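# Observations on the three-dimensional arrangement
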Amino acid sequence: MRFLISLFSVPVLCSWGFSARPSRRPGAHPLIRVGGESTTCRRVHGCGRRRGRSRVRRIGWRLQSSTSETVEVRDPADESRLTVTPLSTWFAAVGGQAEQRQQFFWSWRGHEIFLDSFASQENLDKPTVILAHGFAASTVYWRETIKALSEDGYNVFALDLLGQGRSSKPYSNDGGGPLLSDTGTGSLRPALPSEVGKNTETNVEYSISLYGEMVDDFARQFKLEEVVLMGNSIGSLVCLSAATGDCCIDPYLSSRVRGLCLFNCGIGLNSMNVLKNPDFSRFQVALFSGLFGVLNALIFGNRTLLRYLLNDIVTEDLLRDALRSLYPRNPDRVDEQLVESFYRPAKTGGDGGVDVVAQIYTNEAGYTPMEYHDRYKDLLDSLPLHLIWGTADVVTPLTGDVGVFYCDRVANNRSGKQTTSIELVDAGHLLFDEKPEEVHASMFKWLNRKVVT
C-alpha cells in the first residue's frame, strides 16, 4: 500500500525506462569500449555544426504588460528582412521590468501557463535557454539552474506544462470545447505569489507532441532566435519533439535550436514505451501489455480512485518521504518550497488534476528517444546534445533502455560527428537540484565548448 501511495505522491515514475533483461546491442553494459579502452560511460567531445537561420513567419499578437497596457506587435510587412531582434516582443511586453527574475502567466490557446523567467537585453549575445520539467514537477525544481544560467549571462524561461504545476488544469464532464488550434492572442500578465492558472472547460488530450507544440509556440511568439532546450525526464522528450519539429505542421524552433541538454531522459510520456524494446520476447511483450492493461483499468484509468488518492491519501509527509528517495545523495535539499510545489497542485487541481494524471499514465506514450534519433537522424546527428545522468537514479536508471542507447551512441560515435556527450553524476533523478554545483559545471563546460562560439 505504501508503494501505491508513493507512486501517486510523485508520479514521475511514469517515465521509467527499463529492460527486463540485458540488451544485446553493442555497448549495452555500463562498461563500454571507447577507443579500445574499457571504461565507464564518459564524455566524448565533438564539434557541433550550426545550421542556417530560417525566416520568421508573419504573425500578430497582443501582449499585456504589468501595467495592463496592451501592446500590438507584428512582424515587419517586408518578410524578406534578414535580421530579427531576438526577444523583441518579450521586452515590449515587460517594459521596465526587464533584467530581473520575473514570474508571469502566458495565455496559450485559452489557458494560463505559468512562467518563471530571467531576461535582460544585455544577455542577447548568448542563446536563450528554455527549461522543460518532468511529470508532476514544476518550475520550482529548476530554481538553482535558473539562477546559475542567469548569472552566467543567459536569458532563461522555465514553463509549467499545461495541467501541471501552477498552469491551468482544464477539465470538462461533457467533453467541453476543443483546445484552440492556434495561439490567438498570447497575453502576458504578472503572476501573484502562489497564484495558479484559471481552469477552463476544455477537452485536452495530453501528449509529448502537445507539450512540444506549446514550447514551439512560446518561442515563436517571443521571437527566440538562438535557443538551447533543456529537459528532465519526460521534459527531455518534450525537448526532442520541439527540436525536431515533430510536434508541429509549421515548426518554428527546429531551425533555431543550437543545442539540447537532457537530464536523466525518460522513455516516453509513460512506461508503455518499454514494450518497444526489440530484445523483448513475445512472452515478455504479452506479459507487460497485460500488466499495463490491468493497472490502467484498475488504477490509472479509475478516476474515482485517483481522486480519492490525491484528495485523501497524499499528504505533505508522504510527499516529503517520496521526494527524499529521489535525492538519495543529498536528501536535505528537499525543503518546504519543493514539497509545496508538488503538494499544492495535487490538492488544488480538482478534476483537471485527476484528468492529467489519468491521461499521462494511459495515453499513447509517443516516440522513444531512439525513435526520434531514427526519424530525424541528420538533424540530431548534427546538433550538439549533452546528457547528464544521475547514476543513483531509480526512475530512469542508466542501465535502462534509454541510458544504454545514449552510452552506446557516445562510446561508438553513432552520429559519426562526435556531437553527443554524456557525463555521469553520483545523484538521483533530480540531479540538477540535488547536486547543482557539480551538474552545472558539466552543463557550462558543454555550453562553452559546443554551443557558445
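So, on to the overall build of the chain. A tally of regular secondary structure across the chain gives 15 helices and 15 strands. Across the 453 residues that make up the chain, the buried fraction comes to 58%. Surface exposure of the chain reaches about 17,900 Å², of which carbon and sulfur atoms provide 51%.

All right, on to the environment of aspartate 426 then. By secondary structure assignment, the location of aspartate 426 is in the loop between β15 (420-425) and α14 (431-434). Overall, the relative accessible area of 35% leaves aspartate 426 in the partly exposed class. Along the backbone, aspartate 426 and alanine 392 are 34 residues apart, and their C-alpha atoms lie at a distance of 6.0 Å. Those residues within four positions of aspartate 426 in sequence are excluded, and the remaining contacts are Arg329, Thr391, Ala392 and Lys435.

Moving on, we come to the packing of aromatic side chains. Summed over all chains, the structure comprises 20 aromatic pairs. With 5.4 Å between their ring centres and 85 degrees between their planes, tyrosine 367 and tyrosine 372 make a pair best called edge-to-face. On the accessibility criterion, tyrosine 372 (1% relative accessible area) is buried. Above the face of the tyrosine 252 ring, arginine 256 is positioned so that its terminal group lies 3.8 Å from the ring centre.

The next thing to look at is the sheet that holds strand β6 (residues 111-119). With mixed pairing, nine strands are arranged side by side in an open sheet as β10-β5-β6-β8-β7-β12-β13-β14-β15. Pairing within the sheet leaves two strands with one partner each, and these edge strands are β10 (188-190) and β15. On average, each strand axis in the sheet is tilted by 20 degrees relative to the strand beside it, whichever way the strands run. Here strand β5 (residues 100-108) pairs with β6 via nine bridges, running antiparallel. From the neighbouring strand, glutamine 103 faces β6, where its bridge partner is aspartate 116. Strand contacts of helix α4 (residues 208-221): β5, β6, β7 (128-132), β8 (156-159) and β12 (227-233), with the helix running at about 115 degrees to β5, the strand carrying the most contacts. On top of the sheet, helix α15 (residues 436-451) reaches β12, β13 (257-265), β14 (385-390) and β15; it is set at about 155 degrees to β13, its chief contact.

Turning our eyes to something else, we now look at the packing of helix α8 (residues 316-326) against helix α9 (residues 336-348). Packing of α8 against α9 brings their axes to within 10 Å, and their N-to-C directions diverge by 110 degrees. Considered as vectors, α8 and α9 are oriented roughly perpendicular to each other. The hand of the α8/α9 crossing is right-handed. Seen from α8, the contacting residues are Glu316, Leu319, Arg320 and Leu323; seen from α9, they are Glu336, Leu338, Val339, Glu340, Phe342 and Tyr343. In the contact of α8 with α9, the residues fall into six nonpolar, no polar and four charged.

This part is about α9. Over its 13 residues, α9 extends 17 Å from the first C-alpha to the last, a length consistent with the 18 Å expected when each residue adds 1.5 Å. Buried within α9 are the following residues: Leu338, Val339, Ser341, Phe342 and Pro345. Buried-residue contacts for α9 involve α3 (143-151), α8 and α14. Positive backbone phi, at 60 degrees, marks glycine 350, one or two positions downstream of α9.

The rules behind these values
Residues numbered from 1 in each chain as written. Predicted model: local features only at pLDDT ≥ 70, side-chain atom pairs only at ≥ 80, totals over all residues. Heavy atoms only, no water. Helix = DSSP H or I, 4+ residues; strand = E, 2+ residues; numbered from the N terminus. Buried < 20%, exposed > 50% of the residue type's maximum accessible area, 1.4 Å probe, protein only. Areas by Shrake-Rupley, 256 points an atom, 1.4 Å probe, with all protein chains shown as cover. Contact = heavy atoms within 4.5 Å. Phe/Tyr/Trp six-rings, centres within 6.5 Å; stacked < 30°, edge-to-face > 60°. Lys NZ or Arg CZ within 6 Å of the ring centre and 35° of its normal. Pairing = 2+ DSSP bridges. Axes fitted to C-alpha atoms, helices over the stretch in contact; angles between N-to-C directions. Parallel < 35°, antiparallel > 145°, perpendicular 65-115°, else oblique. Left-handed = near helix turned anticlockwise from the far one by under 90°. Nonpolar A, V, L, I, M, F, W, Y, C, P; charged D, E, K, R; others polar. Expected span 1.5 Å × (residues − 1).

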